Amino acid sequence: MKKILKVVVPLLILAVFIGTFVFLYLRSLPKEVVYDEFEVTVGDISKTTVVTGKIEPRDEVNVKPQISGIITQIMKEAGDIVTAGEVIAKVKVIPDMAQLSSAESRVRLATVNLQQAQTDYEREKVLFDKGLVSADEYDKIAQVWRQAKEEKNAATDALEVVRDGVSRSNAKASSTLVRSTISGVILDIPVKVGNSVINSNTFNDGTTIASVADMKDLIFRGNIDETEVGQIVTGMPMTITIGALQDLSFEASLEYISPKAIENNGANEFEIKAAVKVPASSKIRSGYSANARIVLSSVSDAMMIPESALVFDGDDTYVFVNEGTGEKPSYVRKKVETGISDGIHIEVKKGLKRGDKVRGPQKITEE
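Residues numbered from 1 in each chain as written. Predicted model: local features only at pLDDT ≥ 70, side-chain atom pairs only at ≥ 80, totals over all residues. Heavy atoms only, no water.

Colleague: What's the story with the sheet that holds strand β8 (residues 184–188) in this structure? I'm lost.
Modeller: Pairing between the strands of a sheet comes from backbone hydrogen bonds, and it takes one of two forms, parallel or antiparallel. Taken in spatial order, the four strands line up as β3-β10-β8-β5 in an open sheet, and their pairing is antiparallel. A single partner strand is all that each edge strand has here, and the edge strands are β3 (60–63) and β5 (81–82). Of the strand pairs in this sheet, β8 and strand β10 (residues 210–213) are connected by three bridges, and their pairing is antiparallel. The residue bridging Asp188 from the neighbouring strand is Ser211, located in β10. (Pairing = 2+ DSSP bridges. Helix = DSSP H or I, 4+ residues; strand = E, 2+ residues; numbered from the N terminus.)

Okay, here's the thing in structure tokens:
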């Protein structure tokens, strides 16, 4: 037994040694480099860009009160459809004490003037009826009396407007009723019953009672990089995609390119606007994020190859064409002239013909 072990053990050690040596030798041998191979095909290529932006109404109007006061009633809510002139809310007037005092003083003065004019008119009328004064004198006194009455009515109306926000003579056009100035959809009502509001004047913009917009007239608004703005013109078609609506897409037409750049994170961008053609069945909300796809240039029936097959040497572009006739490829470097690219395929204008096979990136083999 011992004799057998003395023979077997050295043999096993020798076999392991020889196996390890052979394995390491095979690993050290250079492996054949294998490349992907692409065929030159003919097709259509489009160079596109995607602009991120949002959908919004072309015109959004802020409805504001004509007087200052307190909201006593709100008749509408966000999402309601309104027509121009329809009442949205009511305002209770909180009069300005200086204006109120001035209006009351005007009424008192108008009352005194009217009483005096009334007395003068009655006296003049008695004399005129007796033929003691001329018609011209009588007409002058009557004119003063009529003017005094009109001034009293005007002063009373002014007092009622300052005190109550409405006068008896213009009740239908009451400034306490906040009406929509356009027809459309109410996007927002930022006030509540009991809130104080002020009217628009020289010193402030006033309180917004509601925002109203025509949701049938929408635009896409976004920013495009300065490197691409020179390739677009007004009237270009665009495809708008809204991800929030299960990738809903529809057509748009570019109608505005800003003449001035804005800086965004260190890059210069230009604002663009496009008229959106929304189907009547689609319910689009203001402020949806959207992407606009713009075709900057395109070519039909172009010879093309994957862009990864290109090799650059200085200002020149090359590809390696397989000119071998057997199973083993034989690649020859050829200079080519390229055109537009869609990021995956690139147009080849010169240097190749349809059906040529070009070398691609090296294949990675798993060991």
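Colleague: What am I meant to see in the packing of aromatic side chains here?
Modeller: For any pair of aromatic rings, the description rests on two quantities: the centre-to-centre distance and the angle between the ring planes. By the definition in use, this model includes three aromatic pairs. Judged by centre distance (4.3 Å) and plane angle (5°), the ring pair of Tyr121 and Trp145 falls under stacked. In this pair, Tyr121 sits in helix α2 (residues 97–129) while Trp145 sits in helix α3 (residues 135–164), placing the two residues 24 residues apart along the sequence. Ring geometry for Phe128 and Tyr138: centres 4.5 Å apart, planes at 15°, overall stacked. Of this pair, Phe128 sits in helix α2 while Tyr138 sits in helix α3, and the two are ten residues apart along the sequence. What makes Phe128 partly exposed here is its relative accessible area of 31%. Among the residues examined, Tyr138 registers a relative accessible area of 13% and is labelled buried. Three or more aromatic residues joined by ring pairs form one cluster here, namely Tyr121, Phe128, Tyr138 and Trp145. When the ring centre of Tyr256 is taken as reference, the NZ or CZ atom of Lys273 above it lies at 5.0 Å. The positively charged end of Arg359 is found above the aromatic ring belonging to Phe320, 4.0 Å away from the centroid. (Phe/Tyr/Trp six-rings, centres within 6.5 Å; stacked < 30°, edge-to-face > 60°. Buried < 20%, exposed > 50% of the residue type's maximum accessible area, 1.4 Å probe, protein only. Lys NZ or Arg CZ within 6 Å of the ring centre and 35° of its normal.)

Colleague: How should the side chain of Ser258 be read in this particular structure?
Modeller: Examined against the element boundaries, Ser258 turns out to sit in strand β13 (residues 248–264). When its relative accessible area of 12% is taken as the criterion, Ser258 is described as buried. At 2.9 Å, the side chain of Ser258 and the backbone oxygen of Lys260 are in polar contact. Excluding anything up to four places from it in sequence, Ser258 contacts Phe270 and Glu271. (Polar contact = N/O pair within 3.5 Å; in protein donor to acceptor, adjacent residues only side chain to side chain. Contact = heavy atoms within 4.5 Å.)

Colleague: Would you take a moment to explain the sheet that holds strand β7 (residues 177–179) for this structure?
Modeller: One open sheet holds the four strands; their spatial order is β7-β6-β4-β9, and the pairing between them is antiparallel. At either end of the open sheet lies a strand with only one pairing partner, and these are β7 and β9 (196–197). Bridge analysis of strand β4 (residues 69–74) against β9 gives two bridges, and the strand direction is antiparallel. Across the sheet, Ile70 pairs through a bridge with Ser196, a residue of β9.

Colleague: Mind showing me how you'd approach unusual backbone geometry here?
Modeller: Residues apart from glycine generally show negative phi values, whereas peptide bonds are mostly found in trans. Notably, Asn265 is not glycine yet its phi reads approximately 55°, a positive angle. Examined against the element boundaries, Asn265 turns out to sit in the loop between β13 and β14 (267–276). Of the residues examined, Asn265 reaches a relative accessible area of 80% and is grouped as exposed. The phi dihedral of Asp301 falls on the positive side, at around 50°, and the residue is not glycine. Residue placement: Asp301 occurs in strand β15 (residues 289–306). Residue class for Asp301 comes out exposed when judged on its relative accessible area of 64%.

Colleague: Please clarify how the confidence of the model for the protein chain should be interpreted in this entry.
Modeller: A low pLDDT means the predicted coordinates there should not be read in detail. For the protein chain, per-residue confidence averages 83 on the pLDDT scale, and 85% of positions sit at 70 or higher. At the level of individual helices and strands, the protein chain shows its lowest average pLDDT in helix α1 (residues 2–28), which scores 62, and its highest in β10, which scores 94. (pLDDT = per-residue confidence, 0-100.)

Colleague: What is the right way to look at the nonpolar core in this model?
Modeller: Soluble, globular proteins show a tendency: their nonpolar side chains are buried together. Counting 25 residues, the largest nonpolar core has Ile55, Phe220, Ile232, Met238, Ile240, Ile272 and Ile294 as the members making the most contacts within it. In this view, Ile272 contacts Val51, Phe220, Arg221, Gly222, Ile224, Ile232, Met238, Leu254, Tyr256, Ile257 and Ile294; residues no more than four positions away in its chain are not counted. One finds Val93, Ile186, Val197 and Ala210 within the second-largest nonpolar core, a separate group that totals 16 residues. (Core = buried A, V, L, I, M, F, W, Y, C linked by side-chain atoms within 4.5 Å.)

Colleague: Sorry, what's going on with the environment of Gly184 here?
Modeller: Within the secondary structure, Gly184 is located in strand β8. Sequence spacing of Gly184 and Val61 is 123 residues, and the spatial spacing of their C-alpha atoms is 9.8 Å. Beyond its immediate chain neighbours, meaning those up to four positions away, Gly184 contacts Asp80, Ile81, Val82, Val212, Ala213 and Asp214.

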